[in-house]
Amino acid sequence: MEDTRSVASLMDSTSSKIQQLQKAFAELESQRAVTLNLKWKELEEHFHGLERSLKRRFHELEDQEKEYETKTRKAQELLEKKKAAVEAKEKVSLERLQKKRDAAVFAINSALVKYNNPPPISITSVEDSPNKAFAADGTDENPDGTVQEAEISPEVKAYPQLLKLCGDMDSAGLHKFVSDNRKNLASLKEEIPAAFKAAANPASLVLDSLEGFYPVEAPNGDGKKDGNLLGMRRTCIMLMECLSVLLSGLDSNSLAVVLSEDVKQRAKSIAEGWSPLLGSLEMDACNGNSLEAHAFLQLLASFDIVSGFEEDGILKLIPMVSRRRQAAELCRSLGLSEKMPGVIEVLLKSGKQIDAVNLAFAFELTEQFPPVELLKSYLTDARRSTSQGGPGNASPAVQASDEFNERELTGLKAVAKCVEEHNLEEQYPVEPLQKRILQLEKAKAEKKRATEPTKPQTKRPRGAQPRVTDNHNNNNNNNKTGYGRVIPERYPQYVYDNRQFLNGPIMAAQAPPPPPPQTYTFSPAAAHGNFYGNCYQYQPPPPPYFH
């Protein structure tokens, strides 16, 4: 500011300087010996031009300085607002994290209380009874080397039937029990690992339950059309997962007893039988949700037989199960954590950015694979995809438009769900996505209503209508229309005729008396009396009056 003021003061003193210069020039001209070609008017005009140019430039610099100060002030205000918003969100995140931490601590304490109250069950290895892997701590060894089994009391409270099924090694009954209680699948998953402790050999029980995973009559058939087969396959996967939960809590000695070499060899034989059947699966057709590939990979992980199969073949199956929620944990169990960048690259090339984002978060690879960019590219691909139109009565252009909108709607919903699951609202707001979803759903509903055939509605006639009743003797049963006899209304309509009104004293005085009414004779068969069906008396009109 000081520099600006000094420049302004110097510019204001320009006029006085010019006047001094004029005086000096006049004095010089008076003392010159020869005539100078330069005139004072030219010098004065030149200096005034310089003065105007300097002032114009000075004002431009002042305007630029003010504009810069305004922008700087706005940037500082925006920075303060963002800083306050970040601090508020950080506070909310900390509170949410604290709540989740408290909930997790409470859940852990509850689980500890639940599973520590019953007497613990240990797994012992004995020579004379290798199949009796699970025995209570109070077992006594007899002099002959056998183990006398103590009472088994696993931590099964809601479904005690599981104890009997596992104790009897009844795999078929276990399948039926899970199928009958599929609505309570969450509680079943919690109690089945404890119920496995009642089995003589839980690993063999799980292997027995895999029988029929591929039907003998049609091993390559399409299982997606058979609801019973789908349910059975899901139960097999769940039982293998529960076995993994049980094995994760055992020490090395107990684990070696349960997963013996015989059990591993049997599991490997089953996996070798399934492996050729997986060759017919296609990654695009599976859509990342293949039960067959999931069961095969879970079999390898649960029975620790991954080393017996090629890693490349296993990696090819991961994209077929990438959409399943157990995909990340399954990859860890198979020892594929270091191979996940390559798997994510394969998913991106096949257009499965949503699955790639989920795996990137699960394995902390978000810096290498930015989630927001992947979600935006997925949405862009969904909007660009077109269709050639399918068969039907509609034109190919209309069908392509419908399929395009449906594809975009599905992509928008998937992106919005992924953003909410991974808390990416700050980097990728979901409000525009929700608005577009509502717009597409509204257009879809309106188009559906427009294409539906309209049902004809019968209009009720206006005015009094005759009532429809059935005869007392039900003689109209043969009437195909189903309508009964039609009788007049209670209040009949007025019958207008052209007779003159001859009543009253005035008309009676002006007109002569009418002739006597004519009498009519009716045959007895046609005579019905002078009454309507509603008991109103019938009066025949008088004959016209002749003047």
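Cut-offs used in this document
- Residues numbered from 1 in each chain as written.
- Predicted model: local features only at pLDDT ≥ 70, side-chain atom pairs only at ≥ 80, totals over all residues.
- Heavy atoms only, no water.
- Helix = DSSP H or I, 4+ residues; strand = E, 2+ residues; numbered from the N terminus.
- Buried < 20%, exposed > 50% of the residue type's maximum accessible area, 1.4 Å probe, protein only.
- Contact = heavy atoms within 4.5 Å.
- Areas by Shrake-Rupley, 256 points an atom, 1.4 Å probe, with all protein chains shown as cover.
- Salt bridge = Lys/Arg side-chain N within 4 Å of Asp/Glu carboxyl O.
- Axes fitted to C-alpha atoms, helices over the stretch in contact; angles between N-to-C directions.
- Parallel < 35°, antiparallel > 145°, perpendicular 65-115°, else oblique.
- Left-handed = near helix turned anticlockwise from the far one by under 90°.
- Nonpolar A, V, L, I, M, F, W, Y, C, P; charged D, E, K, R; others polar.
- Phe/Tyr/Trp six-rings, centres within 6.5 Å; stacked < 30°, edge-to-face > 60°.
- Lys NZ or Arg CZ within 6 Å of the ring centre and 35° of its normal.
- Polar contact = N/O pair within 3.5 Å; in protein donor to acceptor, adjacent residues only side chain to side chain.
- Core = buried A, V, L, I, M, F, W, Y, C linked by side-chain atoms within 4.5 Å.
- Expected span 1.5 Å × (residues − 1).

**Student:** Looking at this model, I keep getting lost on the overall build of the protein. Mind explaining?
**Tutor:** Helices and strands together make up the secondary structure of the protein, namely 20 helices and 6 strands. Counting across all 547 residues of the protein, residues that qualify as buried make up 29%. The long-range share in the protein, meaning contacts at least 24 apart out of those at least 6 apart in sequence, stands at 65%. Here the protein displays about 38,700 Å² of accessible surface, and carbon together with sulfur accounts for 53% of that area.

**Student:** Teacher, can you tell me more about the pattern of salt bridges here?
**Tutor:** If charged atoms from side chains of opposite charge come close, those side chains can pair. Enumeration according to the criterion identifies 15 salt bridges in this entry. Of the charged contacts in the structure, one is a salt bridge between Arg 323 and Asp 355, with a shortest N-O distance of 3.8 Å. Of this pair, Arg 323 sits in the loop between helix H13 (311–317) and helix H14 (327–333) while Asp 355 sits in helix H16 (residues 353–362), and the two are 32 residues apart along the sequence. Judged by its relative accessible area of 43%, Arg 323 falls in the partly exposed class. The partner of Arg 436 in a salt bridge is Glu 408, with the nearest N and O atoms 3.1 Å apart. A residue pair is termed long-range when its members are at least 10 positions apart, and Arg 436 in helix H19 (residues 431–451) and Glu 408 in helix H18 (residues 396–421) qualify at 28 residues.

**Student:** Explain the packing of helix H7 (residues 202–209) against helix H8 (residues 227–248) to me, please; I cannot follow it from the model alone.
**Tutor:** Helix packing geometry: the angle between the two helix axes and the distance between the axes. Viewed as axis vectors pointing N to C, H7 and H8 meet at an angle of 165°, and their least axial separation amounts to 9 Å. If you check the angle between H7 and H8, you find them roughly antiparallel. For the pair H7 and H8, the sense of crossing is left-handed. Seen from H7, the contacting residues are Pro 202, Ala 203, Val 206 and Ser 209; seen from H8, they are Cys 236, Leu 239, Met 240, Leu 243 and Leu 246. Within the contact of H7 with H8, the residues separate by chemical class into 8 nonpolar, 1 polar and no charged.

**Student:** How should the packing of helix H10 (residues 261–274) against helix H12 (residues 291–302) be read in this particular structure?
**Tutor:** Two numbers describe how H10 lies on H12: the axes approach to 10 Å, and their chain directions differ by 155°. The angle between the axes of H10 and H12 places the two elements in the roughly antiparallel class. Crossing handedness for the pair H10 and H12: left-handed. Contacts between H10 and H12 involve Ala 267, Ile 270, Ala 271 and Trp 274 from the former and Ala 295, Phe 296, Leu 299 and Leu 300 from the latter.

**Student:** I'm lost on the packing of aromatic side chains in this one. Help?
**Tutor:** Note on aromatic pairs: each is described by the distance of the centres and the angle between the planes. What the rule picks out here adds up to 4 aromatic pairs. Ring centres of Phe 296 and Phe 309 lie 5.7 Å apart, and the angle between their planes is 85°; on these two criteria the pair is classed as edge-to-face. Residue Phe 296 is found in helix H12, and its partner Phe 309 is found in the loop between H12 and H13; the two are separated by 13 residues along the sequence. Taken individually, Phe 296 and Phe 309 each receive the classification buried, so the pair is uniform in this respect. Three or more aromatic residues joined by ring pairs make a cluster, and in this case those are Phe 213, Tyr 214 and Trp 274. One residue, Arg 332, lies across the ring of Phe 363, its end atom 4.7 Å from the ring centre.

**Student:** I'm lost on the side chain of Ser 322 in this one. Help?
**Tutor:** Within the fold, Ser 322 resides in the loop between H13 and H14. Overall, Ser 322 belongs to the buried group, its relative accessible area being 5%. Here the side chain of Ser 322 touches Asp 355 through a polar contact of 3.0 Å, side chain to side chain. Sequence-distant contacts of Ser 322, defined by excluding residues within four places in its chain, comprise Gly 288, Ala 327, Leu 347, Lys 352 and Asp 355.

**Student:** Where do I start with the nonpolar core in this structure?
**Tutor:** Nonpolar side chains tend toward joint burial in soluble globular proteins. Membership of the largest hydrophobic core comes to 91 residues, with the highest contact counts inside it found for Phe 196, Phe 303 and Leu 334. Sorting elements by how many residues they give to this core places H8 first, with 12 residues. If we ignore the near neighbours within four places in the chain, the residues touching Phe 303 are Ala 203, Val 206, Leu 207, Leu 243, Leu 259, Val 263, Lys 264 and Ala 267.

**Student:** Mind showing me how you'd approach the environment of Ala 327 here?
**Tutor:** Following the sequence through the fold, Ala 327 ends up in helix H14. Among the residues examined, Ala 327 registers a relative accessible area of 5% and is labelled buried. For the pair formed by Ala 327 and Asn 289, sequence separation is 38 residues and the distance between their alpha carbons is 9.8 Å. Every residue in contact with Ala 327, bar those within four places of it in the chain, is listed here: Val 321 and Ser 322.

**Student:** Just to check I follow, could you spell out unusual backbone geometry for this structure?
**Tutor:** If a residue is not glycine, its phi is most likely negative; likewise, a peptide bond is most likely trans. Look at Glu 364: it is not a glycine, yet its phi comes out positive at around 55°. Mapped onto the elements of the fold, Glu 364 is located in the loop between H16 and helix H17 (371–384). A relative accessible area of 73% places Glu 364 in the exposed class. The phi dihedral of Asn 423 falls on the positive side, at around 55°, and the residue is not glycine. With respect to the helices and strands, Asn 423 occurs in the loop between H18 and H19.

**Student:** Any chance you could explain helix H3 (residues 40–116) here in plain terms?
**Tutor:** In an α-helix, one full turn covers 3.6 residues, which means residues spaced three or four apart are oriented alike. Between its terminal C-alpha atoms H3 stretches 111 Å, which fits the 114 Å expected from 77 residues at 1.5 Å a residue. Along H3, the positions that sit buried rather than exposed are Trp 40, Leu 43, Glu 51 and Phe 58.

**Student:** Quick question: what am I supposed to make of H8 here?
**Tutor:** Taking 1.5 Å of rise per residue, 22 residues should cover 32 Å, and H8 covers 32 Å from first to last C-alpha, within 8% of that figure. Counting buried residues in H8 gives 16 out of 22 residues, a clear majority hidden from the surface.

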